[in-house]
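Structural characterization, general
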Amino acid sequence: WFLARPAVASCGVMAWVVALLAARGLGEFAALPAAAVVLGAATAASLVDAAGHRLPNVLVLRGWALAVIAVLVAMPWLGSGRVIAALGSSALAWAVFAALALASPRSMGWGDVKLVGLLTLVTGLFGPAVALAGVLLAFVLGGMAALALVLRRKAGAGTPLAFGPWLLAGACVVMA
């Protein structure tokens, strides 16, 4: 049901609403293209992740490249401080998640590594603390979902859980 047209359309509309809220929250609608690209790509990738435990490079990497361009183009309106914070947050989040993926390949996939870099690019526009809050919230939400599945006996300790939707949810909550 994740990839049915109504679900995809609903998620797309929600991504645009959050992008508008993020641009409004920044007080600068120059951030709207970057937020829309990031949230659109992340939403599509998260739907695929929820359905098949894969985060497609065609969505995540292209979204990341387009979002970097959109952020750089918006620099005159956003200010260099915000852009540097966003790029730094993205790079740092990618590096930390890459270290987690190398340390425990069964726990963290490379799709999640790339997706967190994409999402923290926009949450980093609000500042590094907001980007960190989005990532931490993703772990809390994902952990709560995993606990609920275990308590309902729908999953066990080794059951894989798609983390992309929780990364997206954490980013959307902190931006909204």
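By convention here, each chain's residues receive numbers from 1 onward along its written sequence. Only residues with pLDDT of at least 70 are given local features in this predicted model, and only at 80 or more are side-chain atom pairs given and counted; all residues enter the totals for whole chains, interfaces and linings. Excluding hydrogens and water, the side-chain values take into account all heavy atoms of the structure.

**Let's talk about the overall build of the protein**
Only runs of H or I of at least four residues qualify as helices and only runs of E of at least two qualify as strands under DSSP, and these elements are numbered from the N terminus. The number of helices and strands found in the protein is eight helices and zero strands. Between the two quantities, the radius of gyration covers C-alpha atoms and the globule rule is 2.2 Å times the number of residues to the power 0.38. Expected size for 176 residues packed as a compact globule is a radius of gyration near 16 Å; at 16 Å, the protein falls within 12% of this value. In terms of principal-axis extent, the alpha carbons of the protein reach across some 50 × 40 × 25 Å. Between buried and exposed lies partly exposed: a residue is buried under 20% and exposed over 50% of the maximum accessible area for its type, with that area taken using a 1.4 Å probe on protein chains only. The buried share among the 176 residues of the protein stands at 41%. When contacts within the protein are restricted to residue pairs at least 6 apart in sequence, those whose partners lie at least 24 apart make up 70%. We call two residues in contact whenever any of their non-hydrogen atoms come within 4.5 Å of each other.

**Observations concerning the environment of L21**
Along the polypeptide, L21 turns up in helix α1 (residues 5–26). L21 gets classed as partly exposed once you look at its relative accessible area, which sits at 34%. The residues touching L21, leaving out its near neighbours within four places in the chain, are M175 and A176.

**Section: helix α6 (residues 110–123)**
For an α-helix, 3.6 residues make a turn, and residues three or four places apart therefore share a direction. Under the 1.5 Å per step criterion, the end-to-end length of α6 is 20 Å for 14 residues, consistent within 8% with the ideal 20 Å. In terms of burial, α6 is a largely internal element, 13 of the 14 residues being buried. Every helix has an expected span of 1.5 Å times one less than the residues it contains.

**Observations regarding the packing of aromatic side chains**
Aromatic pairing here means that ring centres of Phe, Tyr or Trp (its six-membered ring) are within 6.5 Å. Orientation follows from the plane angle: under 30 degrees is stacked, over 60 is edge-to-face, and everything else is tilted. Taken as a whole and assessed by the stated rule, the structure comprises two aromatic pairs. Relative to F139, the ring of F97 lies with its centre 5.8 Å away and its plane at 45°, an arrangement referred to as tilted. Remark: F139 occurs in helix α7 (residues 128–151) and F97 occurs in helix α5 (residues 80–103); sequence separation between them is 42 residues. Residue F97 is classed as buried on the basis of its relative accessible area, which comes to 3%. With a centroid separation of 5.0 Å and 45° between ring planes, the pair formed by F139 and F163 is classed as tilted.

**A short note on the packing of α6 against helix α8 (residues 164–175)**
An axis is simply a line fitted to the C-alpha atoms; with a helix, the fit covers only the stretch in contact. Between two such axes, the angle follows the N-to-C directions and lies from 0 to 180 degrees. Two numbers describe how α6 lies on α8: the axes approach to 10 Å, and their chain directions differ by 10°. Put simply, α6 runs roughly parallel to α8. Mapping the contact onto sequence places D112, L115, V116, L119, V122 and T123 in α6 and G164, L167, L168, A171, V174 and M175 in α8. Residues are sorted three ways: Asp, Glu, Lys and Arg are charged, Ala, Val, Leu, Ile, Met, Phe, Trp, Tyr, Cys and Pro are nonpolar, and all the rest, Gly among them, are polar. By residue class, the composition of the contact of α6 with α8 is nine nonpolar, two polar and one charged. For classification purposes, an angle smaller than 35 degrees is called roughly parallel, one larger than 145 roughly antiparallel, one from 65 to 115 roughly perpendicular, and anything else oblique.

**With respect to the side chain of T120**
Relative to the helices and strands, T120 is located in helix α6. Judged by relative accessible area, T120 falls into the buried class, the value being 2%. Polar contacts involving the side chain of T120 include one to the main-chain carbonyl oxygen of V116, which spans 2.7 Å. Discounting chain neighbours no more than four positions away, the residues touching T120 are A86, S89, S90, A93, A131 and V135. Pairing of N or O atoms within 3.5 Å defines a polar contact, subject to two protein rules: one partner must be a possible hydrogen donor and the other a possible acceptor, and residues neighboring in sequence count only if both atoms are side-chain atoms.

**Brief notes about the nonpolar core**
In a soluble, globular protein the nonpolar side chains are often hidden away together inside. In this structure, L39, F97, L115, L118, L119 and L167 are the most contacted members of the largest nonpolar core, which totals 48 residues. Sorting the residues of this core by element identifies α1, α2 (32–52), α3 (57–73), α5, α6, α7 and α8 as the ones contributing at least two each. Residue contributions to this core peak at nine residues, all from α2. Residues contacting L115, with those up to four places away along its chain left out, are A42, S46, L55, V60, G164 and L167. Only buried Ala, Val, Leu, Ile, Met, Phe, Trp, Tyr and Cys residues count toward a nonpolar core, and they belong to the same one when joined by side-chain atoms within 4.5 Å.

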